[in-house]
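Chain by chain, the residues run as shown.
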Amino acid sequence: MSEGTMQRRAQRDPGAPLTPSRPWGRDQRTGRLTRALVCAGVVPVVLVAAGCSSDSGSDGGEDKAASASASASASPSPTVRAAAYGTLPESCKVLTKKTLKDLVPKAKSGKEGKSDDVSTRASCSWSSLDNNGVKGSQFRWLNVSLLRFESDATRGAGDELAKEYYGKQVQDAQAAEGAQKTAAEPLAGTGDEATAVRYELDKKEGTFKQQTVVARVENVVVTLDYNGAGLAGDKTPDVNDLMKDAKKAAKEAVAAVTEANGEGAGGASGSPSKPASPSASKSASKSASAAESGAEAGARTTPKASAKS
C-alpha cells in the first residue's frame, strides 16, 4: 500500500491517531457535532423569544390604546362658574325682633323647619293669635324659606338654577288653589330680582289675606309668606298694611343672606353682589335637584291649618 493510500485511509478512519499532518479527528468531529446540537437547541429558544417579542408588541399596542384613553379621560371637563354664596343664615334669625313684633306680635318663638343640610335649605315659621274675647281675634302667620343652589357642571351655574326656581315660585304663588283677586308686582331694592304676589282665600273662619314675596340674590332664593285674618267676627286686616310688612321682612331676609356670606347688606340694594371665590362655595353634598324636591316651596299652609296653630 502506497503512502498516499494510507494517508487517505487515515483521513477517513475516525479512530486513527492524530498526526501532525492530521490535526483533526474524533474530538474535532465531536466538537462539530456538539456545536450542531447546541445550535439546534437554540432554534426553539429563538422561536420562543420571537413569540415573546410578538406578544410584547401586542402589549405595546394595548398600552398605547390605554395611554390614549387615559389622555382622553384626563382632558379638561366642562367648567362652570362657582356659586357666589356658600351658606345660609340661621332661618329663625333672619328677621329682627322689631320686625317680628310688628308682623307676629303674639309669637313666642320661631319654629325651625326640618332640613338635612341647613346650609342648603332652611325655613322658620311664626304664628300669632291676638285674642280679643267677644270682639274676635286677629290671626297672623309668617314663614321664611331659604334655598341655596350649588353650581353643577351638568345642570349649570348656581345663580342660573336659582333664577329658574325663582320663576317657578312666582308662578306657584299666582296659581294657588282657591285664590281670589290675585295680583303680582315686581319689587325693587330686594336682591337681584323680586316679585310680590297677593290674593285672598275665603274660609269658614274668615277671609285670609295672603302676601307672598319671592326674591333671588345670587344663587339663593328667599320665599316669604305672610297672611292675616280677622277671626270670630273681628275685622279683616288691611291688605296694603300686610303687603308693606311682607316687603319689609323680605328685604331683611335677603340682607341676612348676604351678611351670612360676608357681603354686608349690599344684596338688599338690588344690585348684584360680587361673586365669591370658588372656595367660598361648598362642594355639593347633594344634587340641586334633591334640594328642590326637599324644599318647602314657601311653606304655604292652608289658612285653615294656620288658624289652628
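See the structure printed just above.
So, here's what we can say about the structure.

**So, unusual backbone geometry**
Part 1 of the argument: Even without a glycine there, the phi angle at glutamate 218 is positive, about 55°.
Part 2 of the argument: With respect to the helices and strands, the residue glutamate 218 is situated in the loop between strand E6 (206-217) and strand E7 (220-231).
Part 3 of the argument: Glutamate 218 gets classed as buried once you look at its relative accessible area, which sits at 9%.
Part 4 of the argument: For alanine 232, which is not glycine, the phi torsion reads 55° and is therefore positive.
Part 5 of the argument: For alanine 232, a relative accessible area of 60% translates into the label exposed.

**Some details on the environment of asparagine 240**
Part 1 of the argument: Along the chain, the position of asparagine 240 falls in helix H5 (residues 239-260).
Part 2 of the argument: Asparagine 240 gets classed as partly exposed once you look at its relative accessible area, which sits at 48%.
Part 3 of the argument: Within the structure, the side chain of asparagine 240 is placed 3.2 Å from the side chain of arginine 198, a separation counted as a polar contact.

**Description of H5**
Part 1 of the argument: Helix length check: H5 (22 residues) gives 32 Å between terminal C-alpha atoms against 32 Å at 1.5 Å per residue, within 8%.
Part 2 of the argument: Residues of H5 that are buried: Leu242, Met243, Ala246, Ala249, Ala250, Glu252, Ala253, Val254, Ala255, Ala256, Val257 and Thr258.
Part 3 of the argument: Elements in contact with the buried residues of H5: helix H3 (97-103), strand E3 (137-148), strand E5 (193-203), E6 and E7.
Part 4 of the argument: A side-chain oxygen of the first residue of H5 lies 3.0 Å from the backbone nitrogen of asparagine 240; this N-cap is aspartate 238.
Part 5 of the argument: Residue glycine 262 follows H5 closely and has a positive phi angle near 75°.

What counts, and at which threshold
Residues numbered from 1 in each chain as written. Predicted model: local features only at pLDDT ≥ 70, side-chain atom pairs only at ≥ 80, totals over all residues. Heavy atoms only, no water. Helix = DSSP H or I, 4+ residues; strand = E, 2+ residues; numbered from the N terminus. Buried < 20%, exposed > 50% of the residue type's maximum accessible area, 1.4 Å probe, protein only. Polar contact = N/O pair within 3.5 Å; in protein donor to acceptor, adjacent residues only side chain to side chain. Expected span 1.5 Å × (residues − 1). Contact = heavy atoms within 4.5 Å.

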